[in-house]
Amino acid sequence: MLNLNTLTRWFVAVSLVAICIILMKSTAAEQTFMASVPQLLSDPFLQLPTANSVRVVWFTEFAGSGHTVSYGRDFRQSAIATTTKLSRTREDQNSVIGTQYKKPTKRDIWRHEAEVTKLDSNIRLPYRVTSVREDGKSITSKEFTLTAKPEPGTPLKILLTSDHQLKPMTAANLQKVVETVGKVDAVFFAGDLVNIPDRASEWFDDNRGGAFFPCLQGRAKYELAKNNIKTTYIGGEIIQHAPLYAAIGNHEVMGRYEKTGSLDDEFGDAYPREAAIAQLLRQKSDRAFVKDYSFNTDTYEEIFTLPQSDKGGEKYYAVTFGDVRLAVLYATNIWRTPSLDKSAKGKYQERQQDVNNPDEWGYGQHIFEDIFRGSPQYNWLEEELNSPQFQAAKYKVVMLHHPPHSLGDNIVPAYTNPVQIIDTNESVRYEYPKDQDYLIRDIVPLLEAANVQLVFYGHSHLWNRFVSSSGMHFLETSNVGNSYGAAGGDKRRDVPVGDDNYAATGDPNGLEPILPTITPLLGKNGQQLPYLASNDITAFSILDTATGGVSSYKFDTLKPDSEVVKFDEFKLKSIAGTN
Ligand SMILES: [Fe+2]
């Protein structure tokens, strides 16, 4: 028989179990509730400002029933967004996101864009966006500010950046931009925004916390562990308030669509258009079909609304922003390994096993868009440089991804179409004659003749700069991690030995790097270094149109409490007869 004590113990035990179940259930319910709290996939960001308007763009994971921008005093004015669906965004087995995927899988993402009109470029207005779901629930963003394109004469601070690619120091870098110079007026982005452009999470919500939009919108949560100190960086609230202009880097280009087992493979499997056409010669070959068999920049072009040129669309274009005329080139090639191992599908050769199987060739480090003299892009650039807008601009800037001058790895081999050498049954090799480097042979002389003051680029993940004899500046900035170092001294590029075509050290195109004017980094022996190539110290640059100065800043992530240091400054040469 149960006595009273036993009954009491039973009662207490049962009650405790019941309470636990209730608690567990409520926790689960809370979790479900949290998961169902509707969210926007990104904050809004600004695109394509004109003299009296600007576009506001944002993303959701639902089509919704209405999407609007509210702006102005008390948010009384509104603009209705147009909604489109991204056509190629996917996740795969290499996505770093909550869901585990086994293969490339479509991810549904909707893009909303509203044009806010009748703006005055001297007035900045508050705005916020609202998306309404199909079930009627609405989500409203935080408040940000917008304005029209600045008029010439307006002092501007423009962030020069590139190669974010979810690298470890990107969030720290952008956080320090905002802490150092406050809100910038525009972002010039010299390519390589993410790693794999069709992988949605790299843009929006990679679990490591350093995706593209979170970093540039101050919503990152990237933990950097250095010297046993963990610091979480949030990036910078930048593009909600300032338009971004981008150039296409090799990481904006996807390869052959759905031809391989992962998005990484697909990214690396880009074919030259000519090879795709040859392969499809006897099949139907409409433009989209060829694109699927070669390469595309669809996701990049679907995400951004950039200025357009007649010949190049968003791929290459020019824009006036305040005192700056910016010409943006599509100058990038596929990256392939420098390895000469027989099993390497590389820059310099095909795999031994593929010698007689052209379908498996990589075609070396082929260029995605022609830029040589006489090509449509070259002709467009020549026309642009001769245009009244370009000639009259106080600051003439050209942005591209591939470096014309650099100590970095990726400047070698020369920027030219690979010359294929087939030794039947033996080898398929590629050479890149240095005297046929299109940027050096064809483009730089055009820029010199047009009095361009600044050529800005990325690709090798280091900071270094150069000046030509006429005073044209070349700048590669935005060291955010995964630096490939600077080729000089002990550090030599991985190039075929004993071939003058391929420089193992220094700038292959003959300029000496400029020593930073304020605080150069020191090398192992205490010598001053004419570059910053570090995985601990991050760098960014700001163009100040009030002074024509370009300032570069560094931040040591090994010392999270340290100050940002301006380590270099130079002035763009002034051009007589401009505004
Ligand atoms: Fe690149």
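Position numbers for residues start from 1 in each chain and track the written sequence from start to end. For a predicted model such as this one, the threshold for reporting local features is a pLDDT of at least 70, and the threshold for listing and counting side-chain atom pairs is 80 or more; totals across whole chains, interfaces and linings nevertheless cover every residue. Side-chain metrics rest on all non-hydrogen atoms present in the structure, leaving aside hydrogens and water.

Caption draft 1: Here's a closer look at helix 11 (residues 438–449). Secondary structure is summarised from DSSP: a helix means a run of H or I of at least four residues, a strand means a run of E of at least two, and numbering begins at the N terminus for each. By definition here, a helix of n residues has an expected span of 1.5 Å times n minus one. Across its 12 residues, helix 11 extends 16 Å between first and last C-alpha, which sits within 8% of the 16 Å expected from 1.5 Å per residue. Among all positions in helix 11, only Tyr438, Leu439, Asp442, Ile443, Val444, Leu446 and Leu447 are buried. Among the structural elements, helix 9 (376–385), strand 19 (395–399), strand 22 (454–457) and strand 24 (473–476) are those in contact with the buried residues of helix 11. Between a side-chain oxygen at the N-terminus of helix 11 and the backbone nitrogen of Leu439 the separation is 3.0 Å; the capping residue is Asp437. Looking one or two residues past helix 11, Asn451 carries a phi angle of roughly 60°, positive in sign. Relative accessibility under 20% of the residue-type maximum defines a buried residue, over 50% an exposed one, and the middle range a partly exposed one, all with a 1.4 Å probe and only protein chains included. We call two residues in contact whenever any of their non-hydrogen atoms come within 4.5 Å of each other. Under the rule applied, a polar contact is a pair of N or O atoms within 3.5 Å (in protein, one hydrogen donor and one hydrogen acceptor; residues adjacent in sequence only if both atoms are side-chain atoms).

Caption draft 2: Structural view of the coordination of the iron ion. Of the protein atoms, only Asp192 (OD), Asn250 (OD1), His401 (NE2) and His459 (ND1) coordinate the iron ion, at distances of 2.0 to 2.2 Å. Each of the 4 donor atoms around the iron ion contributes to a set of angles spanning 87 to 160°, which defines the coordination as irregular. Sodium, potassium and calcium take a 3.2 Å donor cutoff, other metals 2.8 Å, and in both cases only N, O and S atoms count; water is not among them, so sites may look incomplete. Linear spacing of the donor residues for the iron ion on their chain is D-x57-N-x150-H-x57-H. With His401 in the loop between strand 19 and strand 20 (419–423) and His459 in the loop between strand 22 and strand 23 (464–467), the pair connects residues that are 58 residues apart, well separated along the chain. Assigned by exposure class, His401 and His459 land together as buried. Angular criteria define each label, namely tetrahedral for four donors with all angles between 85 and 135 degrees, square planar for four and octahedral for six donors with opposite donors over 155 degrees apart and remaining angles between 65 and 115, and irregular for whatever fails these tests.

Caption draft 3: Examining the nonpolar core more closely. Core analysis: the biggest nonpolar cluster contains 112 residues, and Phe59, Phe188, Phe212 and Phe304 have the highest contact counts within it. If you tally residues by element for this core, the top one is helix 11, at 6 residues. Residue contacts for Phe59: discarding those within four places in its chain leaves Leu40, Leu41, Ser42, Phe45, Leu86, Ile109, Trp110, Arg111, His112, Phe204, Phe213 and Ile303. The term nonpolar core refers to a set of buried residues drawn from Ala, Val, Leu, Ile, Met, Phe, Trp, Tyr and Cys, joined through side-chain atoms within 4.5 Å. Of all hydrophobic cores here, the second largest spans 19 residues; its members include Val54, Val56, Ala79 and Ala114.

Caption draft 4: Representation of the pattern of salt bridges. Salt-bridge detection follows one rule: a side-chain nitrogen of Lys or Arg within 4 Å of a carboxyl oxygen of Asp or Glu. Applying the stated rule across the entire model yields 35 salt bridges. The partner of Arg351 in a salt bridge is Asp354, and the shortest N-O contact between them spans 2.7 Å. The partner of Asp442 in a salt bridge is Arg373, with the nearest N and O atoms 3.9 Å apart. Taken together, the residues Asp442 in helix 11 and Arg373 in the loop between strand 18 (324–328) and helix 9 connect sequence positions 69 residues apart. Assessed through its relative accessible area of 2%, Asp442 is described here as buried. Salt bridges linked by common partners bring Arg55, Arg111, Glu113 and Glu115 together as one network.

Caption draft 5: Broad picture of the sheet that holds strand 26 (residues 549–556). Here, any two strands with at least 2 DSSP bridges between them count as paired. Spatial ordering of the open sheet is given by 16-13-12-25-26-27, a layout of 6 strands whose pairing is mixed. The sheet terminates laterally at strand 16 (244–246) and strand 27 (565–571), the two strands that pair on one side only. Averaged over all pairs of adjacent strands, the angle between their axes in this sheet comes to 25°, without regard to strand direction. Of the strand pairs in this sheet, strand 12 (residues 157–161) and strand 25 (residues 537–544) are connected by 4 bridges, and their pairing is antiparallel. Bridge pairing in strand 25 places Ile158 opposite Leu543. Docked against the sheet, helix 2 (residues 170–181) engages strand 12, strand 25 and strand 26, running at close to 45° with respect to strand 25. Only C-alpha atoms enter the line fits that serve as axes; for helices the fit covers just the stretch in contact. Angles between N-to-C directions range over 0 to 180 degrees.

Caption draft 6: Spatial organisation of the environment of Glu274. By the secondary structure assignment, Glu274 is in helix 6 (residues 273–279). For Glu274, a relative accessible area of 57% gives the class exposed. Between the C-alpha atom of Glu274 and that of Gly408, which follows or precedes it by 134 residues, the distance is 30 Å.

Caption draft 7: Here's a closer look at helix 2. For helix 2, which comprises 12 residues, the first-to-last C-alpha distance of 17 Å matches the rise-based estimate of 16 Å (1.5 Å per residue) to within 8%. With 9 of its 12 residues buried, helix 2 lies for the most part within the structure. Among the residues of helix 2, Thr170, Ala171, Ala172, Asn173, Leu174, Gln175, Lys176, Val177 and Val181 are the ones counted as buried. Residues of helix 2 that are buried make contact with strand 12, helix 4 (212–216), strand 14 (222–226), strand 15 (229–233), strand 25 and strand 26. One or two steps after helix 2, the chain reaches Gly182, where phi turns positive at roughly 75°.

Caption draft 8: View of the packing of helix 9 against helix 11. At a minimum axis separation of 10 Å, helix 9 and helix 11 run at an interaxial angle of 5°. Taken together, the axes of helix 9 and helix 11 are roughly parallel relative to one another. Residues Tyr378, Leu381, Glu382 and Leu385 of helix 9 pack against Asp442, Ile443, Leu446 and Leu447 of helix 11. Class assignment of the residues belonging to the contact of helix 9 with helix 11 gives a composition of 6 nonpolar, no polar and 2 charged. The scheme is simple: roughly parallel for angles under 35 degrees, roughly antiparallel for over 145, roughly perpendicular for 65 to 115, oblique for anything else. Each residue gets one label: Ala, Val, Leu, Ile, Met, Phe, Trp, Tyr, Cys and Pro are nonpolar, Asp, Glu, Lys and Arg are charged, and the others, such as Gly, are polar.

Caption draft 9: Spotlight on the pairing of strand 3 (residues 66–71). As defined by bridge partners, strand 3 adjoins strand 9 (residues 125–132) across 6 bridges and the pair is classed as antiparallel. Following the sheet pairing, Val69 is matched in strand 9 by Val129. Connecting strand 3 to the antiparallel partner strand 4 (residues 77–80) that follows it, the hairpin turn spans 5 residues, and Gly72 within it adopts a positive phi of roughly 85°.

Caption draft 10: Examining the sheet that holds strand 18 more closely. With mixed pairing, 6 strands are arranged side by side in an open sheet as 17-18-19-22-24-23. With one partner strand each, in any of the chains shown, strand 17 (317–321) and strand 23 form the two edges of the open sheet. For this sheet the average axis-to-axis angle between neighbouring strands, irrespective of direction, equals 20°. Two elements, strand 22 and strand 24, share 4 bridges in a ladder whose sense is parallel. Within the sheet, the bridge partner assigned to Val455 lies in strand 24 and is Phe474. Helix 9 contacts strand 17 and strand 18 of the sheet and is inclined by roughly 170° relative to strand 18.

Caption draft 11: How the structure looks around the environment of Thr557. The topology assignment puts Thr557 in the loop between strand 26 and strand 27. Each C-alpha atom, one on Thr557 and one on Ile229, is 10.0 Å from the other, the two residues being 328 residues apart in sequence. Once you skip the residues sitting within four places of it in the chain, Thr557 turns out to touch Met169, Ala172, Leu224, Lys226, Asp536 and Thr538. Of note is the side chain of Thr557, whose polar atom sits 2.6 Å from the backbone oxygen of Asp536.

Caption draft 12: Region of interest: the pairing of strand 19. With 5 of 5 residues buried, strand 19 is to be regarded as a mostly interior element. Of the strand pairs in this sheet, strand 18 and strand 19 are connected by 5 bridges, and their pairing is parallel. Paired with Leu326 across the strands is Val397, a residue of strand 19.

Caption draft 13: View of the side chain of Thr545. Along the chain, Thr545 turns up in the loop between strand 25 and strand 26. Ignoring anything within four residues of it in the chain, the contact list for Thr545 reads Thr154, Pro155, Leu156, Ile158, Val324 and Tyr395.

Caption draft 14: Layout of the packing of aromatic side chains. Paired rings are identified among Phe, Tyr and Trp, the last through its six-membered ring, by centres lying within 6.5 Å, and are further divided according to the angle between planes into stacked (under 30 degrees), edge-to-face (over 60) and tilted (the rest). In the structure shown here, the tally under the stated rule is 27 aromatic pairs. Both rings, one in Tyr300 and one in Phe304, keep their centres 5.6 Å apart while their planes meet at 55°; by these two values the pair is tilted. You'll find Tyr300 and Phe304 in the same group, each marked buried. The rings of Phe45, Phe59, Phe189, Trp203, Phe204, Phe212, Phe213, Tyr300 and Phe304 are connected pair by pair, giving a single aromatic cluster. Here the guanidinium or amino end of Arg128 rests over the ring plane of Phe75, the centre of that ring lying 3.9 Å away. Sitting over a ring, as applied to charges here, requires NZ of Lys or CZ of Arg to be within 6 Å of the ring centre and within 35 degrees of the ring normal.

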